[in-house]
Amino acid sequence: MKKLFLLSAAILGFSFLAGAQSISENALGLRLGDSDGFGAEISYQRGLGDNNRLELDLGWRDGSNYNGFKLAGLYQWIFPLDGSFNWYVGAGGGIGSFTIELPGGRDVTDTFFFAAGDIGIEYNFEIPLLLSLDFRPEIGFGDDVYNNNDLDFDIALGIRYQF
């Protein structure tokens, strides 16, 4: 009877483990999209549990008459879809700054804060590679230089190495 109980408990435990979602503890890579002049971002994800994580993204842009950066932080909840497919939602915010050189040599600088949401889908390969596609609406709060207090829609492809 005792062996039957232990065998039943082991089978039940393994069935729960087999159905449990596993996200990697760390993922580092690129998030390639565009929102209001900011393109590629270095992206880091840190698993906080079985179904949630923190994502930090640093994007910058440098051109002949402008430069800027944007730092975003998001808390995400991950839900399994099918096999290696997951979908996720998140919320967070960040800070950014840009400088534009106007004709005549005058510079305009603005620092802004933003709130962001996030929804996306990802595929976790057998090798330590994670591909994602997400949609991140952002609303900015700044000095309203060049219409910064608006809603931006950021769509990006992410490619990350998991470790």
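Our structure is the block above this text.
Predicted model only: the values in this text are computed from it and were never measured.

A word on the overall build of the protein
Within the protein, the regular secondary structure consists of one helix and eight strands. Taken from the N to the C terminus, the helices and strands of the protein come in the order α-β-β-β-β-β-β-β-β. Across the 163 residues in the protein, those meeting the buried criterion constitute 34%. Long-range contacts, defined as pairs at least 24 residues apart, comprise 49% of the intrachain contacts of the protein with a sequence gap of at least 6. Of the roughly 9,600 Å² that the protein leaves accessible, carbon and sulfur atoms contribute 66%.

Some remarks on the environment of phenylalanine 113
By secondary structure assignment, the location of phenylalanine 113 is in strand E6 (residues 107–124). For the pair phenylalanine 113 and phenylalanine 141, spaced 28 residues apart in the sequence, the C-alpha separation amounts to 5.2 Å. Beyond its immediate stretch of four places on either side in the chain, phenylalanine 113 contacts Gly94, Ile95, Ile139, Gly140 and Phe141.

A closer look at the side chain of glutamate 138
Looking at where glutamate 138 falls in the secondary structure, it is placed in strand E7 (residues 129–141). A polar atom in the side chain of glutamate 138 sits 3.0 Å from the side chain of lysine 70.

Some remarks on the sheet that holds E7
The strand order around the closed barrel built from eight strands is E1-E2-E3-E4-E5-E6-E7-E8, with neighbouring strands paired in antiparallel fashion. Looking at each pair of strands side by side, their axes are set apart by 25° on average, direction ignored. Sheet topology note: the strand E1 (residues 26–34)/strand E2 (residues 41–47) ladder contains six bridges and is antiparallel. Looking at E2, one finds that alanine 27 is bridged to glutamine 45.

Considering the side chain of arginine 31
The topology assignment puts arginine 31 in strand E1. Among the polar contacts made by the side chain of arginine 31, one reaches the side chain of aspartate 154 at a distance of 3.0 Å.

Details of the nonpolar core
Burial of nonpolar side chains together is a common tendency in soluble globular proteins. Residues Ala72, Leu74, Phe98, Ile100, Leu102, Val108, Phe112, Phe114 and Ala116 constitute the largest nonpolar core, which totals nine residues. Among the elements of the structure, strand E4 (66–82), strand E5 (85–101) and E6 are those that each provide at least two residues to this core. If you tally residues by element for this core, the top one is E6, at four residues.

Looking at the packing of aromatic side chains
This model, assessed by the stated rule, comprises eight aromatic pairs. Plain terms: the ring middles of tyrosine 123 and phenylalanine 125 are 4.7 Å apart, the flat faces sit at 80° to each other, and that makes the pair edge-to-face. With a centroid separation of 6.0 Å and an interplanar angle of 20°, the aromatic rings of tyrosine 161 and phenylalanine 163 are classed as stacked. In textbook terms, an aromatic cluster arises when at least three aromatic residues are bridged by ring pairs, as seen for Phe85, Tyr123 and Phe125. The ring of tyrosine 88 has arginine 53 sitting right over it, with the charged end atom 5.0 Å from the ring centre. Above the plane of the ring of phenylalanine 114 lies lysine 70, whose end atom (NZ or CZ) is 5.5 Å from the centre.

Reading the values: rules and limits
Within every chain, residues take consecutive numbers counted from 1 along the sequence as written. The model is predicted, so local features are restricted to residues of pLDDT at least 70 and side-chain atom pairs to those at 80 or more, both for listing and for counting; the totals for chains, interfaces and linings are taken over all residues. Think of the side-chain values as coming from all heavy atoms in the structure, minus any hydrogens and water. Helix and strand labels come from DSSP, where a helix needs a run of H or I of at least four residues and a strand needs a run of E of at least two; each type is numbered from the N terminus. Type-normalised accessible area, obtained with a 1.4 Å probe on protein chains alone, sets the label of each residue: buried when under 20%, exposed when over 50%, and partly exposed for intermediate values. A contact between two residues is defined here by any heavy atoms of the two lying within 4.5 Å. Method for areas: the Shrake-Rupley scheme with a 1.4 Å probe, in which residue coverage is limited to the protein chains shown. Polar contact criterion, stated in full: a pair of N or O atoms within 3.5 Å, where within protein one must be able to donate a hydrogen and the other to accept it, and residues adjacent in sequence count only if both atoms are side-chain atoms. Between any two strands, at least two bridges found by DSSP are needed for them to pair. Every angle, taken between N-to-C directions, lies between 0 and 180 degrees, and every axis is a line fitted to C-alpha atoms, over only the stretch in contact when it is a helix. To form a nonpolar core, buried Ala, Val, Leu, Ile, Met, Phe, Trp, Tyr and Cys residues must be joined to one another through side-chain atoms within 4.5 Å. Centres within 6.5 Å make a pair out of two Phe, Tyr or Trp rings, where for Trp the six-membered ring is used; the pair is then stacked when the planes are under 30 degrees apart, edge-to-face when over 60, and tilted otherwise. The criterion for a charge sitting over a ring is simple: Lys NZ or Arg CZ within 6 Å of the ring centre, and within 35 degrees of the ring normal.

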